[in-house]
Number of protein chains: 2
Amino acid sequence: MTGYTATVTVRLKRGVLDPEAETTKRALERLGFDLEDLRSADRFEVDLQADDVEEAADRAEEMAERLLANPTIHDYDVAVAER
Amino acid sequence: MTGYTATVTVRLKRGVLDPEAETTKRALERLGFDLEDLRSADRFEVDLQADDVEEAADRAEEMAERLLANPTIHDYDVAVAER
């Protein structure tokens, strides 16, 4: 068993409204920043033990499917690194 | 001017309590997942126009300092990619 950190990034699908990101964008603009767009996402860093990187990625993907992401409105990606 | 996407990742400093991450970890464990630790972070993807990658990174860093992160409790990092 080896220690891995799986990073799961969960973002809203294109077309799903994101009022928090819109508010953050406008707040930055009020501070004088010039930006074209802002998207927000949640990032989960999961430390786990697995036999290999594929197993770690599979388990992190299952965590995303079952709890971390809502497949109706979210896309997610998983990246795994050895600790 | 070139289009860049600056990704700002904002995470709690080590030692700052994260009850949301703790709750998520326990929910995963109740579903039968085996994990050692879970940390959550916010990720902001900012599209902006800048003369070069350094200017884009500087502006994204200033956004983090002034609004996206709270330096008392957060660390952040900035990564910039051309669009």
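Criteria and thresholds
Residues numbered from 1 in each chain as written. Chains lettered and ligands numbered in written order. Predicted model: local features only at pLDDT ≥ 70, side-chain atom pairs only at ≥ 80, totals over all residues. Heavy atoms only, no water. Helix = DSSP H or I, 4+ residues; strand = E, 2+ residues; numbered from the N terminus. Rg over C-alpha atoms; globule rule 2.2 N^0.38 Å. Least-squares fit on C-alpha atoms with pLDDT ≥ 70 in both. Salt bridge = Lys/Arg side-chain N within 4 Å of Asp/Glu carboxyl O. Buried < 20%, exposed > 50% of the residue type's maximum accessible area, 1.4 Å probe, protein only. Arc of directions from axis to C-beta. Contact = heavy atoms within 4.5 Å. Polar contact = N/O pair within 3.5 Å; in protein donor to acceptor, adjacent residues only side chain to side chain. Buried area = accessible area lost by both parts, 1.4 Å probe. Nonpolar A, V, L, I, M, F, W, Y, C, P; charged D, E, K, R; others polar. Pairing = 2+ DSSP bridges.

J.: Sorry, what's going on with the overall build of chain A here?
T.: Counting its secondary structure elements, chain A contains two helices and three strands. When the helices and strands of chain A are placed in sequence order, the string is β-α-β-α-β. Over its C-alpha atoms chain A spans a radius of gyration of 16 Å, topping by over 25% the 12 Å that the globule rule assigns to 83 residues. With the C-alpha coordinates of chain A rotated into their principal frame, the extents come out at 50 × 25 × 15 Å.

J.: Would you take a moment to explain the relation of the copies chain B and chain A for this structure?
T.: The two chain copies are connected by a rotation around an axis plus a translation along it. The two copies are related by a screw operation: chain B maps onto chain A through 180° of rotation and 0.0 Å of translation along the axis, at an RMSD of 0.0 Å. Such a combination of turn and shift is consistent with a two-fold rotation axis. Among all C-alpha atoms of chain B, that of Asp 42 of chain B lies closest to the rotation axis, at 2.6 Å.

J.: Would you mind showing me how to read the pattern of salt bridges here?
T.: Opposite charge on two side chains permits them to pair, given that their charged atoms come into close proximity. Taken as a whole and judged by the stated rule, the model has 24 salt bridges over all chains. The partner of Arg 39 of chain B in a salt bridge is Asp 37 of chain B, with the nearest N and O atoms 3.1 Å apart. What makes Asp 37 of chain B partly exposed here is its relative accessible area of 28%. Several salt bridges converge on common partners, so that one network encompasses Arg 11, Glu 36, Asp 37, Arg 39 and Asp 77 of chain A together with Arg 43, Glu 45, Asp 47 and Arg 83 of chain B.

J.: In this structure, what is going on with helix α2 (residues 53-68) of chain B? I would like to understand it.
T.: Structural remark: α-helix, 3.6 residues per turn; residues separated by three or four positions point the same way. Burial in α2 of chain B covers these residues: Ala 56, Ala 57, Arg 59, Ala 60, Met 63, Ala 64 and Leu 68 of chain B. Seen along its axis, α2 of chain B keeps its buried residues to an arc of 165°; they face one direction. With respect to the buried face of α2 of chain B, the exposed residues turned more than 90 degrees away are Glu 54 and Asp 58 of chain B. In this structure, the buried side of α2 of chain B is in contact with α1 (19-30) of chain A together with β1 (2-12), β2 (37-50) and β3 (74-82) of chain B. For α2 of chain B, the N-terminal cap is Asp 52 of chain B; the gap from its side-chain oxygen to the backbone nitrogen of Glu 54 of chain B is 3.2 Å.

J.: How should the interface of chain B and chain A be read in this particular structure?
T.: Every contact between the two is made by 31 residues of chain B and, on the other side, 31 residues of chain A. Between chain B and chain A, the buried area comes to about 3,000 Å², and carbon and sulfur atoms account for 53% of it. Along the contact surface separating chain B from chain A lie eight salt bridges. The shortest N-O distance in the salt bridge between Asp 47 of chain B and Arg 39 of chain A comes to 2.9 Å. For the pair chain B and chain A, the number of links is 18 residue pairs in polar contact (both at pLDDT 80 or more). Counting residues per element, the ones that place at least two in the side of chain B that touches chain A are β1, α1 (19-30), β2 and α2 of chain B. When residues in the side of chain B that touches chain A are grouped by element, the largest group, 13 residues, is from β2 of chain B. For the side of chain B that touches chain A, the per-class residue count stands at 13 nonpolar, five polar and 13 charged. By the bridge criterion, 11 bridges tie strand β2 (residues 37-50) of chain A to β2 of chain B in an arrangement that is antiparallel.

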